[in-house]
2 protein chains.
Amino acid sequence: MEDRGISQAVIRRLPRYYRYLGELLEGGVERISSNDLSKRMNVTASQIRQDLNNFGGFGQQGYGYNVKYLYTEIGKILGLEEDHNIIIIGAGNLGQALANYAAFEKRGFILKGIFDVNPRLAGVTIRGVPIRMMDELRSFVANNEVDIAALTIPKDKAEEVADMLVENGVRAIWNFAHIDLNLPDNVIVENVHLSESLMQLSYNISRYNEEHQK
Amino acid sequence: MEDRGISQAVIRRLPRYYRYLGELLEGGVERISSNDLSKRMNVTASQIRQDLNNFGGFGQQGYGYNVKYLYTEIGKILGLEEDHNIIIIGAGNLGQALANYAAFEKRGFILKGIFDVNPRLAGVTIRGVPIRMMDELRSFVANNEVDIAALTIPKDKAEEVADMLVENGVRAIWNFAHIDLNLPDNVIVENVHLSESLMQLSYNISRYNEEHQK
DNA sequence: TAGATTGTTAATCGATTAACAATC
DNA sequence: TAGATTGTTAATCGATTAACAATC
(Lines give C-alpha, C1' and ligand atoms only; values in the text may rest on other atoms or scores of the structure.)
Protein backbone atom coordinates (compact mmCIF):
# COMPACT_ATOMS: atom_id res chain seq x y z
CA MET A 1 0.00 0.00 0.00
CA GLU A 2 1.88 3.05 -1.16
CA ASP A 3 0.73 6.56 -0.64
CA ARG A 4 -0.40 9.44 -2.73
CA GLY A 5 1.93 12.17 -1.72
CA ILE A 6 1.67 12.83 1.95
CA SER A 7 4.37 11.09 3.88
CA GLN A 8 3.64 8.68 6.69
CA ALA A 9 5.79 10.90 8.90
CA VAL A 10 3.08 13.54 8.61
CA ILE A 11 0.26 11.04 9.09
CA ARG A 12 1.84 9.69 12.25
CA ARG A 13 1.70 13.17 13.74
CA LEU A 14 -1.95 13.82 12.96
CA PRO A 15 -3.39 11.68 15.78
CA ARG A 16 -1.20 13.55 18.21
CA TYR A 17 -2.49 16.91 16.99
CA TYR A 18 -5.95 15.45 17.27
CA ARG A 19 -5.34 14.42 20.86
CA TYR A 20 -4.03 17.83 21.90
CA LEU A 21 -6.83 19.64 20.16
CA GLY A 22 -9.32 17.34 21.87
CA GLU A 23 -7.84 18.30 25.22
CA LEU A 24 -7.94 21.99 24.38
CA LEU A 25 -11.53 21.60 23.30
CA GLU A 26 -12.44 19.94 26.58
CA GLY A 27 -10.63 22.71 28.37
CA GLY A 28 -12.86 25.22 26.64
CA VAL A 29 -10.09 26.79 24.56
CA GLU A 30 -11.58 28.39 21.48
CA ARG A 31 -8.58 29.24 19.38
CA ILE A 32 -4.88 28.55 19.26
CA SER A 33 -1.92 29.74 17.23
CA SER A 34 0.62 27.35 15.75
CA ASN A 35 3.11 28.96 18.09
CA ASP A 36 1.19 28.23 21.28
CA LEU A 37 0.40 24.72 20.14
CA SER A 38 4.02 24.13 19.25
CA LYS A 39 5.09 24.98 22.79
CA ARG A 40 2.61 22.59 24.32
CA MET A 41 3.50 19.79 21.97
CA ASN A 42 7.23 20.31 21.80
CA VAL A 43 7.42 20.62 18.06
CA THR A 44 8.11 23.60 15.85
CA ALA A 45 5.31 25.92 14.81
CA SER A 46 6.64 25.62 11.31
CA GLN A 47 6.10 21.89 11.32
CA ILE A 48 2.54 22.26 12.50
CA ARG A 49 1.72 24.72 9.74
CA GLN A 50 3.48 22.63 7.11
CA ASP A 51 1.72 19.47 8.23
CA LEU A 52 -1.73 21.03 8.23
CA ASN A 53 -1.25 22.74 4.91
CA ASN A 54 -0.85 19.38 3.28
CA PHE A 55 -4.59 19.09 3.69
CA GLY A 56 -5.77 22.65 3.34
CA GLY A 57 -5.69 26.05 4.97
CA PHE A 58 -7.49 25.59 8.25
CA GLY A 59 -6.28 28.75 9.90
CA GLN A 60 -6.75 32.43 9.55
CA GLN A 61 -4.02 35.05 9.45
CA GLY A 62 -3.82 37.14 12.55
CA TYR A 63 -6.15 34.78 14.40
CA GLY A 64 -4.72 31.30 14.42
CA TYR A 65 -6.80 28.15 14.33
CA ASN A 66 -10.27 27.57 15.65
CA VAL A 67 -9.84 24.59 17.94
CA LYS A 68 -13.20 23.00 17.34
CA TYR A 69 -12.99 23.39 13.58
CA LEU A 70 -9.45 22.09 13.33
CA TYR A 71 -10.27 19.15 15.58
CA THR A 72 -13.19 18.21 13.38
CA GLU A 73 -11.21 18.58 10.18
CA ILE A 74 -8.36 16.41 11.40
CA GLY A 75 -10.93 13.86 12.49
CA LYS A 76 -12.28 13.84 8.95
CA ILE A 77 -8.82 13.47 7.48
CA LEU A 78 -8.16 10.52 9.76
CA GLY A 79 -11.39 8.91 8.65
CA LEU A 80 -12.99 9.09 12.06
CA GLU A 81 -16.25 10.37 10.62
CA GLU A 82 -17.00 7.03 9.04
CA ASP A 83 -17.67 3.93 11.05
CA HIS A 84 -15.26 1.02 10.83
CA ASN A 85 -16.34 -2.51 11.56
CA ILE A 86 -13.59 -4.31 13.37
CA ILE A 87 -13.05 -7.91 14.38
CA ILE A 88 -10.44 -9.31 16.70
CA ILE A 89 -8.74 -12.60 15.99
CA GLY A 90 -7.29 -14.03 19.17
CA ALA A 91 -9.12 -13.54 22.48
CA GLY A 92 -6.08 -13.79 24.73
CA ASN A 93 -5.26 -10.98 27.11
CA LEU A 94 -4.24 -8.67 24.35
CA GLY A 95 -7.29 -9.40 22.23
CA GLN A 96 -9.51 -8.88 25.25
CA ALA A 97 -7.72 -5.67 26.09
CA LEU A 98 -8.52 -4.33 22.64
CA ALA A 99 -12.08 -5.60 22.83
CA ASN A 100 -12.63 -3.83 26.13
CA TYR A 101 -11.14 -0.60 24.98
CA ALA A 102 -14.32 1.41 25.16
CA ALA A 103 -12.89 4.52 23.58
CA PHE A 104 -12.82 2.73 20.23
CA GLU A 105 -16.55 2.97 19.78
CA LYS A 106 -16.45 6.69 20.47
CA ARG A 107 -14.19 7.02 17.44
CA GLY A 108 -16.38 4.89 15.23
CA PHE A 109 -14.60 1.57 15.53
CA ILE A 110 -17.37 -0.93 16.04
CA LEU A 111 -16.54 -4.33 17.40
CA LYS A 112 -18.34 -6.91 15.30
CA GLY A 113 -16.69 -10.15 16.29
CA ILE A 114 -14.05 -11.88 18.39
CA PHE A 115 -12.53 -15.22 17.46
CA ASP A 116 -10.37 -17.75 19.24
CA VAL A 117 -9.39 -21.40 19.09
CA ASN A 118 -9.95 -22.04 22.79
CA PRO A 119 -13.29 -23.91 23.22
CA ARG A 120 -13.50 -22.72 26.81
CA LEU A 121 -14.05 -19.20 25.52
CA ALA A 122 -16.91 -20.24 23.25
CA GLY A 123 -19.91 -18.10 23.94
CA VAL A 124 -18.18 -15.84 26.42
CA THR A 125 -19.26 -12.31 25.73
CA ILE A 126 -17.20 -9.13 25.75
CA ARG A 127 -19.08 -5.89 25.57
CA GLY A 128 -22.01 -7.76 24.15
CA VAL A 129 -20.01 -9.51 21.47
CA PRO A 130 -19.72 -13.29 21.76
CA ILE A 131 -16.39 -14.98 21.26
CA ARG A 132 -16.71 -17.30 18.29
CA MET A 133 -14.61 -20.28 17.34
CA MET A 134 -12.02 -19.93 14.61
CA ASP A 135 -13.78 -22.32 12.25
CA GLU A 136 -16.56 -19.78 11.92
CA LEU A 137 -14.18 -17.04 10.92
CA ARG A 138 -14.14 -17.60 7.19
CA SER A 139 -17.88 -17.55 6.72
CA PHE A 140 -18.27 -14.67 9.13
CA VAL A 141 -15.90 -12.54 7.15
CA ALA A 142 -17.42 -13.58 3.87
CA ASN A 143 -20.94 -12.72 5.05
CA ASN A 144 -20.30 -9.57 7.06
CA GLU A 145 -18.82 -6.24 6.26
CA VAL A 146 -15.46 -6.28 8.04
CA ASP A 147 -13.24 -3.24 7.58
CA ILE A 148 -10.43 -4.04 9.97
CA ALA A 149 -9.15 -7.27 11.45
CA ALA A 150 -6.93 -7.05 14.51
CA LEU A 151 -4.57 -10.01 14.69
CA THR A 152 -3.62 -10.90 18.24
CA ILE A 153 -2.57 -14.46 17.61
CA PRO A 154 0.79 -16.25 17.72
CA LYS A 155 3.10 -15.48 14.84
CA ASP A 156 3.07 -18.99 13.39
CA LYS A 157 -0.66 -18.74 12.65
CA ALA A 158 -0.71 -15.11 11.60
CA GLU A 159 0.30 -15.40 7.95
CA GLU A 160 -2.18 -18.17 7.26
CA VAL A 161 -5.07 -16.38 8.95
CA ALA A 162 -4.20 -13.10 7.26
CA ASP A 163 -4.20 -14.74 3.84
CA MET A 164 -7.59 -16.24 4.52
CA LEU A 165 -9.01 -12.92 5.67
CA VAL A 166 -7.74 -11.14 2.60
CA GLU A 167 -9.13 -13.88 0.38
CA ASN A 168 -12.50 -13.17 1.92
CA GLY A 169 -12.46 -9.46 1.45
CA VAL A 170 -10.69 -7.90 4.43
CA ARG A 171 -8.61 -4.96 3.25
CA ALA A 172 -6.99 -3.72 6.44
CA ILE A 173 -5.10 -5.54 9.15
CA TRP A 174 -3.96 -4.31 12.52
CA ASN A 175 -1.15 -6.74 13.17
CA PHE A 176 0.11 -7.50 16.66
CA ALA A 177 1.86 -10.74 15.70
CA HIS A 178 5.64 -10.65 15.63
CA ILE A 179 5.93 -11.19 11.95
CA ASP A 180 5.85 -9.14 8.79
CA LEU A 181 2.79 -10.17 6.86
CA ASN A 182 3.26 -10.75 3.21
CA LEU A 183 0.09 -9.48 1.62
CA PRO A 184 -1.02 -7.95 -1.67
CA ASP A 185 -0.32 -4.27 -2.22
CA ASN A 186 -3.93 -3.29 -1.89
CA VAL A 187 -4.12 -4.51 1.69
CA ILE A 188 -3.30 -1.99 4.40
CA VAL A 189 -1.26 -3.32 7.29
CA GLU A 190 -0.52 -1.44 10.47
CA ASN A 191 1.98 -3.21 12.68
CA VAL A 192 2.26 -2.98 16.44
CA HIS A 193 5.37 -4.85 17.43
CA LEU A 194 5.52 -4.59 21.20
CA SER A 195 8.74 -6.52 21.57
CA GLU A 196 10.46 -4.15 19.17
CA SER A 197 9.24 -1.21 21.17
CA LEU A 198 10.63 -2.77 24.32
CA MET A 199 13.97 -3.40 22.64
CA GLN A 200 14.18 0.21 21.60
CA LEU A 201 13.62 1.14 25.21
CA SER A 202 16.28 -1.32 26.26
CA TYR A 203 18.74 0.17 23.77
CA ASN A 204 18.18 3.64 25.15
CA ILE A 205 18.72 2.42 28.69
CA SER A 206 22.03 0.84 27.73
CA ARG A 207 23.16 3.96 25.95
CA TYR A 208 22.28 6.08 28.92
CA ASN A 209 24.09 3.77 31.32
CA GLU A 210 27.15 3.78 29.12
CA GLU A 211 27.26 7.53 28.99
CA HIS A 212 27.07 7.69 32.74
CA GLN A 213 29.54 4.85 33.38
CA LYS A 214 26.97 2.99 35.41
CA MET B 1 16.60 11.86 26.74
CA GLU B 2 18.58 12.86 23.71
CA ASP B 3 20.95 10.64 21.88
CA ARG B 4 24.62 10.39 21.25
CA GLY B 5 24.79 10.30 17.54
CA ILE B 6 22.90 7.38 16.18
CA SER B 7 19.45 8.33 15.06
CA GLN B 8 16.34 6.70 16.44
CA ALA B 9 15.46 5.81 12.86
CA VAL B 10 18.38 3.40 12.89
CA ILE B 11 17.57 2.08 16.36
CA ARG B 12 14.01 1.34 15.38
CA ARG B 13 15.29 -0.94 12.63
CA LEU B 14 17.65 -2.95 14.82
CA PRO B 15 14.98 -5.10 16.47
CA ARG B 16 13.72 -6.02 13.05
CA TYR B 17 17.16 -7.11 11.91
CA TYR B 18 17.40 -9.02 15.14
CA ARG B 19 14.14 -10.79 14.45
CA TYR B 20 15.11 -11.80 10.93
CA LEU B 21 18.53 -12.98 12.02
CA GLY B 22 16.89 -15.02 14.77
CA GLU B 23 14.70 -16.70 12.19
CA LEU B 24 17.66 -17.40 9.93
CA LEU B 25 19.54 -18.82 12.89
CA GLU B 26 16.65 -21.11 13.73
CA GLY B 27 16.53 -22.13 10.11
CA GLY B 28 20.16 -23.17 10.33
CA VAL B 29 21.46 -20.49 7.98
CA GLU B 30 25.10 -19.81 8.72
CA ARG B 31 25.88 -16.72 6.73
CA ILE B 32 24.06 -14.06 4.78
CA SER B 33 24.99 -11.14 2.56
CA SER B 34 23.47 -7.71 2.94
CA ASN B 35 21.98 -8.26 -0.48
CA ASP B 36 20.15 -11.47 0.41
CA LEU B 37 18.97 -10.03 3.69
CA SER B 38 17.75 -6.90 1.94
CA LYS B 39 15.57 -8.98 -0.35
CA ARG B 40 13.98 -10.84 2.54
CA MET B 41 13.38 -7.70 4.54
CA ASN B 42 12.37 -5.37 1.75
CA VAL B 43 14.96 -2.75 2.46
CA THR B 44 18.07 -1.76 0.53
CA ALA B 45 21.33 -3.58 1.09
CA SER B 46 22.94 -0.20 1.40
CA GLN B 47 20.76 0.69 4.33
CA ILE B 48 21.60 -2.53 6.12
CA ARG B 49 25.32 -1.95 5.72
CA GLN B 50 25.04 1.69 6.75
CA ASP B 51 22.97 0.83 9.78
CA LEU B 52 25.31 -1.88 10.99
CA ASN B 53 28.41 0.18 10.41
CA ASN B 54 27.18 2.68 12.93
CA PHE B 55 28.18 0.09 15.49
CA GLY B 56 31.16 -1.59 13.91
CA GLY B 57 32.24 -3.79 11.05
CA PHE B 58 30.47 -7.07 11.64
CA GLY B 59 30.91 -8.49 8.18
CA GLN B 60 33.69 -9.76 6.03
CA GLN B 61 34.37 -8.82 2.44
CA GLY B 62 33.59 -11.55 0.00
CA TYR B 63 31.74 -13.53 2.64
CA GLY B 64 28.97 -11.47 4.12
CA TYR B 65 27.81 -11.71 7.71
CA ASN B 66 27.94 -14.65 10.04
CA VAL B 67 24.33 -14.99 11.19
CA LYS B 68 25.03 -16.20 14.70
CA TYR B 69 27.69 -13.58 15.32
CA LEU B 70 25.63 -10.70 13.96
CA TYR B 71 22.59 -11.83 15.91
CA THR B 72 24.58 -11.85 19.12
CA GLU B 73 26.17 -8.48 18.43
CA ILE B 74 22.85 -6.80 17.71
CA GLY B 75 21.50 -8.37 20.89
CA LYS B 76 24.36 -6.73 22.79
CA ILE B 77 23.74 -3.38 21.15
CA LEU B 78 20.08 -3.60 22.13
CA GLY B 79 21.06 -4.35 25.69
CA LEU B 80 19.54 -7.82 25.67
CA GLU B 81 22.59 -9.32 27.35
CA GLU B 82 21.81 -7.61 30.62
CA ASP B 83 18.74 -8.40 32.64
CA HIS B 84 16.08 -5.76 33.14
CA ASN B 85 13.75 -5.80 36.09
CA ILE B 86 10.32 -4.71 35.01
CA ILE B 87 7.14 -3.88 36.89
CA ILE B 88 3.69 -3.35 35.47
CA ILE B 89 1.40 -0.68 36.83
CA GLY B 90 -2.18 -1.51 35.97
CA ALA B 91 -3.35 -5.13 35.91
CA GLY B 92 -6.18 -4.68 33.46
CA ASN B 93 -6.28 -6.72 30.29
CA LEU B 94 -3.38 -4.90 28.77
CA GLY B 95 -1.25 -5.16 31.89
CA GLN B 96 -2.05 -8.84 32.15
CA ALA B 97 -1.26 -9.33 28.50
CA LEU B 98 2.20 -7.88 29.06
CA ALA B 99 2.64 -9.89 32.27
CA ASN B 100 1.81 -13.09 30.46
CA TYR B 101 4.04 -12.41 27.56
CA ALA B 102 6.46 -15.24 28.23
CA ALA B 103 8.95 -14.25 25.57
CA PHE B 104 9.99 -11.30 27.71
CA GLU B 105 11.90 -13.43 30.13
CA LYS B 106 13.79 -15.08 27.29
CA ARG B 107 15.12 -11.64 26.41
CA GLY B 108 16.09 -10.80 29.97
CA PHE B 109 13.05 -8.78 30.99
CA ILE B 110 12.21 -10.09 34.43
CA LEU B 111 8.80 -9.39 35.86
CA LYS B 112 9.23 -8.23 39.43
CA GLY B 113 5.87 -6.78 40.32
CA ILE B 114 2.34 -5.99 39.18
CA PHE B 115 0.22 -3.29 40.76
CA ASP B 116 -3.42 -2.32 40.59
CA VAL B 117 -6.04 -0.37 42.50
CA ASN B 118 -8.67 -3.09 42.29
CA PRO B 119 -8.85 -4.91 45.67
CA ARG B 120 -10.38 -7.92 43.99
CA LEU B 121 -7.07 -8.54 42.25
CA ALA B 122 -5.11 -8.44 45.52
CA GLY B 123 -3.02 -11.56 45.84
CA VAL B 124 -3.91 -12.91 42.41
CA THR B 125 -0.75 -14.28 40.88
CA ILE B 126 0.46 -14.00 37.30
CA ARG B 127 3.38 -16.17 36.35
CA GLY B 128 4.29 -16.45 39.98
CA VAL B 129 4.14 -12.72 40.62
CA PRO B 130 1.41 -11.50 42.97
CA ILE B 131 -0.64 -8.45 42.08
CA ARG B 132 -0.04 -5.83 44.75
CA MET B 133 -2.12 -2.84 45.69
CA MET B 134 -1.11 0.59 44.50
CA ASP B 135 -0.39 1.88 47.99
CA GLU B 136 2.54 -0.51 48.16
CA LEU B 137 4.04 0.81 44.94
CA ARG B 138 6.13 3.62 46.35
CA SER B 139 7.95 1.54 48.93
CA PHE B 140 8.33 -1.36 46.50
CA VAL B 141 10.08 0.84 44.00
CA ALA B 142 12.20 2.48 46.66
CA ASN B 143 13.32 -0.86 48.04
CA ASN B 144 13.75 -2.89 44.88
CA GLU B 145 15.83 -2.48 41.82
CA VAL B 146 13.33 -1.55 39.12
CA ASP B 147 14.72 -0.81 35.68
CA ILE B 148 11.53 -0.41 33.69
CA ALA B 149 7.97 0.44 34.67
CA ALA B 150 5.22 -0.34 32.19
CA LEU B 151 2.29 2.02 32.62
CA THR B 152 -1.00 0.45 31.62
CA ILE B 153 -3.27 2.74 33.58
CA PRO B 154 -5.80 5.40 32.57
CA LYS B 155 -4.30 8.63 31.31
CA ASP B 156 -5.56 10.77 34.19
CA LYS B 157 -3.46 8.83 36.69
CA ALA B 158 -0.43 8.33 34.49
CA GLU B 159 1.41 11.59 35.05
CA GLU B 160 1.08 11.41 38.82
CA VAL B 161 2.22 7.81 39.01
CA ALA B 162 5.10 8.44 36.63
CA ASP B 163 6.31 11.36 38.73
CA MET B 164 6.24 9.22 41.82
CA LEU B 165 8.13 6.41 40.14
CA VAL B 166 10.82 8.76 38.92
CA GLU B 167 11.10 10.32 42.36
CA ASN B 168 11.82 6.86 43.68
CA GLY B 169 14.49 5.98 41.19
CA VAL B 170 12.82 4.54 38.10
CA ARG B 171 14.67 5.71 35.02
CA ALA B 172 12.73 4.13 32.17
CA ILE B 173 9.03 4.06 31.43
CA TRP B 174 7.14 2.04 28.87
CA ASN B 175 4.07 4.18 28.52
CA PHE B 176 0.77 2.82 27.21
CA ALA B 177 -1.35 5.66 28.59
CA HIS B 178 -2.74 8.11 26.04
CA ILE B 179 -0.76 11.02 27.26
CA ASP B 180 2.69 12.50 26.78
CA LEU B 181 4.51 12.22 30.07
CA ASN B 182 6.37 15.27 31.18
CA LEU B 183 9.47 13.90 32.83
CA PRO B 184 13.07 14.99 33.42
CA ASP B 185 15.52 14.60 30.58
CA ASN B 186 17.34 11.73 32.19
CA VAL B 187 14.25 9.53 32.15
CA ILE B 188 13.74 7.35 29.12
CA VAL B 189 10.19 7.08 27.86
CA GLU B 190 8.99 4.73 25.17
CA ASN B 191 5.41 5.38 24.13
CA VAL B 192 2.96 2.86 22.73
CA HIS B 193 -0.10 4.77 21.70
CA LEU B 194 -2.49 2.16 20.36
CA SER B 195 -5.23 4.60 19.47
CA GLU B 196 -2.80 6.60 17.35
CA SER B 197 -1.76 3.46 15.57
CA LEU B 198 -5.39 2.67 14.84
CA MET B 199 -5.99 6.18 13.54
CA GLN B 200 -3.07 5.86 11.18
CA LEU B 201 -4.64 2.67 9.89
CA SER B 202 -7.95 4.46 9.54
CA TYR B 203 -6.31 7.26 7.58
CA ASN B 204 -4.79 4.82 5.16
CA ILE B 205 -8.12 3.10 4.65
CA SER B 206 -9.78 6.40 3.83
CA ARG B 207 -7.05 7.33 1.43
CA TYR B 208 -7.33 4.00 -0.30
CA ASN B 209 -11.08 4.26 -0.59
CA GLU B 210 -10.82 7.76 -2.01
CA GLU B 211 -8.36 6.68 -4.63
CA HIS B 212 -10.67 3.91 -5.70
CA GLN B 213 -13.83 6.02 -5.53
CA LYS B 214 -15.40 3.61 -3.10
C1' DT C 1 44.11 -15.54 -8.35
C1' DA C 2 39.21 -14.22 -9.50
C1' DG C 3 34.84 -13.36 -7.50
C1' DA C 4 32.16 -11.68 -4.03
C1' DT C 5 30.87 -8.55 -0.81
C1' DT C 6 31.95 -5.43 2.65
C1' DG C 7 32.92 -0.67 4.59
C1' DT C 8 32.74 3.92 3.36
C1' DT C 9 32.56 8.07 0.62
C1' DA C 10 29.77 10.79 -2.43
C1' DA C 11 25.25 11.90 -4.52
C1' DT C 12 20.47 12.17 -4.03
C1' DC C 13 16.38 12.57 -2.01
C1' DG C 14 13.09 13.95 1.47
C1' DA C 15 11.82 16.15 5.69
C1' DT C 16 12.36 19.91 8.82
C1' DT C 17 13.16 24.60 9.86
C1' DA C 18 13.52 29.45 8.80
C1' DA C 19 11.90 33.43 6.68
C1' DC C 20 8.64 36.48 4.97
C1' DA C 21 5.00 38.29 2.02
C1' DA C 22 0.03 37.91 2.16
C1' DT C 23 -3.89 38.91 4.74
C1' DC C 24 -7.16 38.72 8.44
C1' DT D 1 -4.94 50.97 10.69
C1' DA D 2 -1.43 48.20 13.28
C1' DG D 3 -0.49 43.76 15.02
C1' DA D 4 -0.67 39.06 14.68
C1' DT D 5 -0.32 34.99 12.47
C1' DT D 6 -1.04 32.23 8.63
C1' DG D 7 0.31 29.92 4.13
C1' DT D 8 4.12 29.14 1.37
C1' DT D 9 8.66 29.56 -0.63
C1' DA D 10 13.49 29.00 0.17
C1' DA D 11 17.36 27.19 2.97
C1' DT D 12 19.08 23.71 5.81
C1' DC D 13 19.59 19.56 7.69
C1' DG D 14 19.45 14.58 7.95
C1' DA D 15 18.55 10.13 6.07
C1' DT D 16 18.68 7.06 2.23
C1' DT D 17 20.68 5.27 -1.84
C1' DA D 18 24.35 4.65 -5.16
C1' DA D 19 28.93 3.78 -6.26
C1' DC D 20 33.27 1.87 -5.74
C1' DA D 21 37.82 1.02 -3.77
C1' DA D 22 39.43 -2.11 -0.23
C1' DT D 23 39.90 -6.73 0.97
C1' DC D 24 38.62 -11.35 2.24
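Before any of the text, the structure's been laid out above.
Residues numbered from 1 in each chain as written. Chains lettered and ligands numbered in written order. Predicted model: local features only at pLDDT ≥ 70, side-chain atom pairs only at ≥ 80, totals over all residues. Heavy atoms only, no water.

Enquirer: I would appreciate a short explanation of helix α8 (residues 155-167) of chain A in the present structure.
Expert: Because an α-helix packs 3.6 residues into every turn, residues spaced three or four apart end up facing the same way. Residue and element names in this part refer to chain A. The terminal C-alpha atoms of α8 lie 19 Å apart, and with 13 residues this matches the ideal 18 Å at 1.5 Å per residue to within 8%. Of the residues making up α8, those classed as buried are A158, V161, A162, M164, L165 and V166. Looking at the buried residues of α8, the elements they touch are β4 (84-89), α7 (137-143), β8 (148-151) and β9 (172-175). Just downstream of α8, G169 is the residue with a positive phi angle, here 105 degrees. (Helix = DSSP H or I, 4+ residues; strand = E, 2+ residues; numbered from the N terminus. Expected span 1.5 Å × (residues − 1). Buried < 20%, exposed > 50% of the residue type's maximum accessible area, 1.4 Å probe, protein only. Contact = heavy atoms within 4.5 Å.)

Enquirer: Just checking my understanding: could you explain the packing of aromatic side chains for this structure?
Expert: For any pair of aromatic rings, the description consists of the separation of the ring centres together with the inter-plane angle of the planes. For the structure shown, the criterion picks out 16 aromatic pairs over all chains. Ring centres of Y203 of chain A and F55 of chain B lie 6.4 Å apart, and the angle between their planes is 80 degrees; this geometry places the pair in the edge-to-face category. In this pair, Y203 of chain A sits in helix α9 (residues 194-211) while F55 of chain B sits in the loop between α3 (45-53) and β2 (59-60), so the two residues belong to two different chains. When the centroid spacing of 6.3 Å and the interplanar angle of 70 degrees are considered together, the rings of F58 of chain B and Y69 of chain B count as edge-to-face. Here F58 of chain B is found in the loop between α3 and β2, whereas its partner Y69 of chain B is found in helix α4 (residues 67-77), with 11 residues between them in sequence. Judged by its relative accessible area of 11%, F58 of chain B is buried. Judged by relative accessible area, which is 38%, Y69 of chain B ranks as partly exposed. Among the aromatic side chains, those forming a connected cluster through ring pairs are Y101, F104, F109, W174 and F176 of chain A. A cation sits over an aromatic face here: R207 of chain A above Y203 of chain A, 4.2 Å from the ring centre. (Phe/Tyr/Trp six-rings, centres within 6.5 Å; stacked < 30°, edge-to-face > 60°. Lys NZ or Arg CZ within 6 Å of the ring centre and 35° of its normal.)

Enquirer: Looking at this structure, I do not really get unusual backbone geometry. What am I missing?
Expert: Negative phi characterises most residues that are not glycine, and trans characterises most peptide bonds. In this structure, N42 of chain A is a non-glycine residue whose phi angle is positive, near 65 degrees. Along the polypeptide, N42 of chain A turns up in the loop between α2 (34-41) and α3 (45-52). For R127 of chain B, which is not glycine, the phi torsion reads 45 degrees and is therefore positive. In this structure, R127 of chain B sits in the loop between β6 (125-126) and β7 (129-133). Relative accessible area serves as the criterion here: at 35%, R127 of chain B is assigned to the partly exposed category.

Enquirer: Any chance you could explain the protein's contact with DNA strand D here in plain terms?
Expert: Neighbouring DNA strand D are 24 residues; S34, Q50 and Y65 of chain A together with S46 and Q50 of chain B lie closest to it. Between a sugar or linking oxygen of DNA strand D and a main-chain N or O atom of G62 of chain A, the distance comes to 3.0 Å. Take Q50 of chain B: an N or O atom from its side chain is 2.6 Å from a base oxygen of DNA strand D. Residue assignment for the surface near DNA strand D shows that the elements contributing at least two residues are α3, β2 (59-60) and β3 (64-66) of chain A together with α3 of chain B. Considering every element that reaches the surface near DNA strand D, the biggest residue donor is α3 of chain B, with four residues. Among the residues making up the surface near DNA strand D, the classes are represented as three nonpolar, 18 polar and three charged. (Near = heavy atom within 4 Å. Polar contact = N/O pair within 3.5 Å; in protein donor to acceptor, adjacent residues only side chain to side chain. Nonpolar A, V, L, I, M, F, W, Y, C, P; charged D, E, K, R; others polar.)

Enquirer: For this particular structure, what's the right way to read the interface of chain A and chain B?
Expert: Quoted interface sizes are often the accessible area lost when the parts come together. Each partner contributes residues to the interface: chain A has 60 residues there, and chain B has 60 residues. Together, the buried faces of chain A and chain B total about 5700 Å²; carbon and sulfur atoms form 59% of this surface. Counting every contact that joins chain A to chain B gives six salt bridges. In this structure, R19 of chain B and D180 of chain A form a salt bridge, with 3.3 Å as the shortest nitrogen-oxygen distance. Counting across the interface, chain A meets chain B through 28 residue pairs in polar contact (both at pLDDT 80 or more). Elements with a contribution of two residues or more to the side of chain A that touches chain B: α1 (8-26), α5 (93-100), β9, β10 (188-191) and α9 of chain A. The element contributing the most residues to the side of chain A that touches chain B is α9 of chain A, with 17 residues. (Buried area = accessible area lost by both parts, 1.4 Å probe. Salt bridge = Lys/Arg side-chain N within 4 Å of Asp/Glu carboxyl O.)

Enquirer: How should the protein's contact with DNA strand C be read in this particular structure?
Expert: Around DNA strand C, 24 residues are found, and the nearest of them are S46 and Q50 of chain A together with S34, R49 and Q50 of chain B. Of everything in DNA strand C that lies within 4 Å of the protein, sugar and phosphate atoms constitute 55%. Residue Q50 of chain A places a side-chain N or O atom 2.6 Å away from a base oxygen belonging to DNA strand C. Within the contact set of DNA strand C, a base oxygen lies 2.8 Å away from a side-chain nitrogen or oxygen of R49 of chain B. For the surface near DNA strand C, the secondary structure elements donating two or more residues are α3 of chain A together with α3, β2 and β3 (64-66) of chain B.

Enquirer: Mind showing me how you'd approach the packing of α1 of chain A against α3 of chain A here?
Expert: Between two packed helices, the angle of one axis relative to the other and the distance separating the axes together describe the packing. All names here are of chain A. Where α1 meets α3, the closest approach of the two axes is 11 Å, and the angle between their N-to-C directions is 105 degrees. Classified by the interaxial angle, the pair formed by α1 and α3 is roughly perpendicular. Here V10, R13 and Y17 of α1 lie close against α3, whose contacting residues are Q47, I48 and D51. Counted by class, the contact of α1 with α3 contains three nonpolar, one polar and two charged residues. (Axes fitted to C-alpha atoms, helices over the stretch in contact; angles between N-to-C directions. Parallel < 35°, antiparallel > 145°, perpendicular 65-115°, else oblique.)

Enquirer: Help me out: how do you make sense of the pattern of salt bridges in this one?
Expert: Side-chain pairs of opposite charge can arise where the charged atoms are in close proximity. Applying the stated rule across the entire model yields 16 salt bridges over all chains. A salt bridge links D180 of chain B to R16 of chain A; the shortest N-O distance between them is 2.9 Å. With D180 of chain B in the loop between β9 (172-175) and β10 (188-191) and R16 of chain A in helix α1, the pair connects residues from two separate chains. In this structure, the salt-bridge partner of R138 of chain A is E167 of chain A, at a minimum N-O distance of 3.4 Å. Here R138 of chain A is found in helix α7, whereas its partner E167 of chain A is found in helix α8, with 29 residues between them in sequence. Residue classification places R138 of chain A among the partly exposed residues on the basis of a relative accessible area of 43%. Among the ionic contacts, a cluster of salt bridges with common partners joins R16 and R19 of chain A together with D180 and E196 of chain B.

Enquirer: Could you clarify how one ought to interpret the sheet that holds β8 of chain A in this entry?
Expert: Strand-to-strand pairing in sheets goes through backbone hydrogen bonds, with the strands running parallel or antiparallel. All names here are of chain A. With mixed pairing, seven strands are arranged side by side in an open sheet as β6-β7-β5-β4-β8-β9-β10. Of all strands in the sheet, those bounded by a partner on one side alone are β6 (125-126) and β10. As defined by bridge partners, β9 adjoins β10 across four bridges and the pair is classed as parallel. Bridging from a neighbouring strand, I173 pairs with V189 of β10. Contacts between α8 and the sheet are confined to β4, β8 and β9, with β8 contributing the most and set at about 170 degrees to the helix. (Pairing = 2+ DSSP bridges.)

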